[in-house]
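As a plain string of letters, each chain reads:
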Amino acid sequence: MLLDVRPSFYEIVREVSGATLADIRRFKDNGGFNDDWELARAAAAWVEAGRPDIFGRVASWQDVTVLCGGDPGDLGPTCSALYRNGYWKKELPLVESTLLRDLSARWRIVACTGRDRWELTRAEELLDFQFHDATTRDIVKKPDADALLRLVPEGAARVVMFGDSQDDRRTVENARGKTSIPIEYHHVTTSPESLLRALLEKEDA
């Protein structure tokens, strides 16, 4: 959400699966495909089957391969190799590092991400900012409530989460059922900078 991943994660999915960016967004809007390498596996099976109407009936790559009658196998190693060999450098920050540091001076800023730890470290390099804590996909995958709740410190009075996928929204919904702490969710469809600045200005008012 803080980086434009269309030139990296999405381009890799497109390259290995044959899916378009619009196809990738359909999977993201469906939910269940927060792990982009699993999405590549699902998209490849779906494209090979002729792009059948499956959305709303699937929640994982396993569901897709069953409905589409084929499985290209684990594409994770191929996707990860492409990412680590240079695609990560193509990502573009969508927020200024000074804004993130201003927010961090007031609140505990954490990442609840579908990246693994290595990928998150590269994101921090590009953002010129280090999160206080993070949940990566090698710890807990969204939309598991614990992906968010493990980041909430004892005694917290409020949680604000910004997300750009159905799995982000579902993570919040699942977490709300397991805590009495108010969790506010903002769904981001473009750059989050204006929303983050508005949050900062609201607290200043």
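Below, the structure is looked at part by part. Everything numeric in this text was worked out from a predicted model, so none of it was measured.

## A few points about helix α3 (residues 36–48)
- Compared with an ideal rise of 1.5 Å per residue, which puts 13 residues at 18 Å, α3 spans 18 Å between its outermost C-alpha atoms and is within 8% of the ideal.
- In terms of burial, α3 is largely enclosed, as eleven of its 13 residues are buried.
- Taken residue by residue, α3 has D36, W37, L39, A40, R41, A42, A43, A44, A45, W46 and V47 as its buried positions.
- Buried positions along α3 lie against α1 (6–17), α2 (21–30), α4 (61–68), α5 (76–84) and α7 (117–127).
- The N-cap of α3, judged by a side-chain oxygen 2.9 Å from the amide nitrogen of W37 a few residues on, is D35.
- Where α3 terminates, the next one or two residues include G50, which has phi positive at roughly 95°.

## Side note on the pattern of salt bridges
- Summed over all chains, the structure comprises 22 salt bridges.
- Its salt-bridge partner being D35, residue K141 comes within 3.2 Å of it at the nearest N-O pair. Of the two residues, K141 is situated in the loop between β4 (133–135) and α8 (146–149) and D35 in the loop between α2 and α3; the sequence distance between them amounts to 106 residues.
- Residue classification places K141 among the partly exposed residues on the basis of a relative accessible area of 36%.
- One salt bridge in this structure joins R137 and D116, with 3.6 Å as the shortest N-O distance. Highlighted residues: R137 in the loop between β4 and α8 and D116 in the loop between β3 (110–112) and α7, separated in sequence by 21 residues.
- The network of salt bridges with common partners includes D35, E38, R84, D116, E119, R137 and K141.

## Observations concerning the nonpolar core
- In terms of nonpolar packing, the biggest core is built from 29 residues, with F27, F33, L39, W46, V64 and Y83 touching the most fellow members.
- Every element with two or more residues in this core is listed here: α1, α2, α3, α4 and α5.
- The element contributing the most residues to this core is α3, with nine residues.
- Apart from residues no more than four positions distant in its own chain, Y83 is found in contact with S8, F9, I12, W37, W88, E91, R115, W118 and E119.

## Comments concerning the packing of α1 against α3
- Relative to each other, α1 and α3 sit at 35°, their axes nearing to 9 Å. Crossing geometry of α1 relative to α3 is assigned as right-handed. Contacts from F9, Y10, I12, V13, V16 and S17 of α1 reach α3 at D36, W37, L39, A40, A43, A44 and V47.
- Within the contact of α1 with α3, the residues separate by chemical class into eleven nonpolar, one polar and one charged.

## Re the packing of aromatic side chains
- All chains considered together, the criterion is met by ten aromatic pairs.
- Linked through ring pairs, F9, W37, Y83, W88 and W118 together constitute an aromatic cluster.

## Structural notes on unusual backbone geometry
- Of the consecutive residues K142 and P143, the connecting peptide bond is found in the cis state with omega at 15°.
- Along the polypeptide, P143 turns up in the loop between β4 and α8.
- For R51, which is not glycine, the phi dihedral falls at a positive 60°.
- Backbone geometry places D128, a non-glycine residue, at a positive phi of 55°.
- Counting through the fold element by element, D128 comes out in the loop between α7 and β4.

Each value, and the rule that gives it
Residues numbered from 1 in each chain as written. Predicted model: local features only at pLDDT ≥ 70, side-chain atom pairs only at ≥ 80, totals over all residues. Heavy atoms only, no water. Helix = DSSP H or I, 4+ residues; strand = E, 2+ residues; numbered from the N terminus. Expected span 1.5 Å × (residues − 1). Buried < 20%, exposed > 50% of the residue type's maximum accessible area, 1.4 Å probe, protein only. Contact = heavy atoms within 4.5 Å. Polar contact = N/O pair within 3.5 Å; in protein donor to acceptor, adjacent residues only side chain to side chain. Salt bridge = Lys/Arg side-chain N within 4 Å of Asp/Glu carboxyl O. Core = buried A, V, L, I, M, F, W, Y, C linked by side-chain atoms within 4.5 Å. Axes fitted to C-alpha atoms, helices over the stretch in contact; angles between N-to-C directions. Left-handed = near helix turned anticlockwise from the far one by under 90°. Nonpolar A, V, L, I, M, F, W, Y, C, P; charged D, E, K, R; others polar. Phe/Tyr/Trp six-rings, centres within 6.5 Å; stacked < 30°, edge-to-face > 60°.

Without other data, these values stay purely geometric and don't point to any function.
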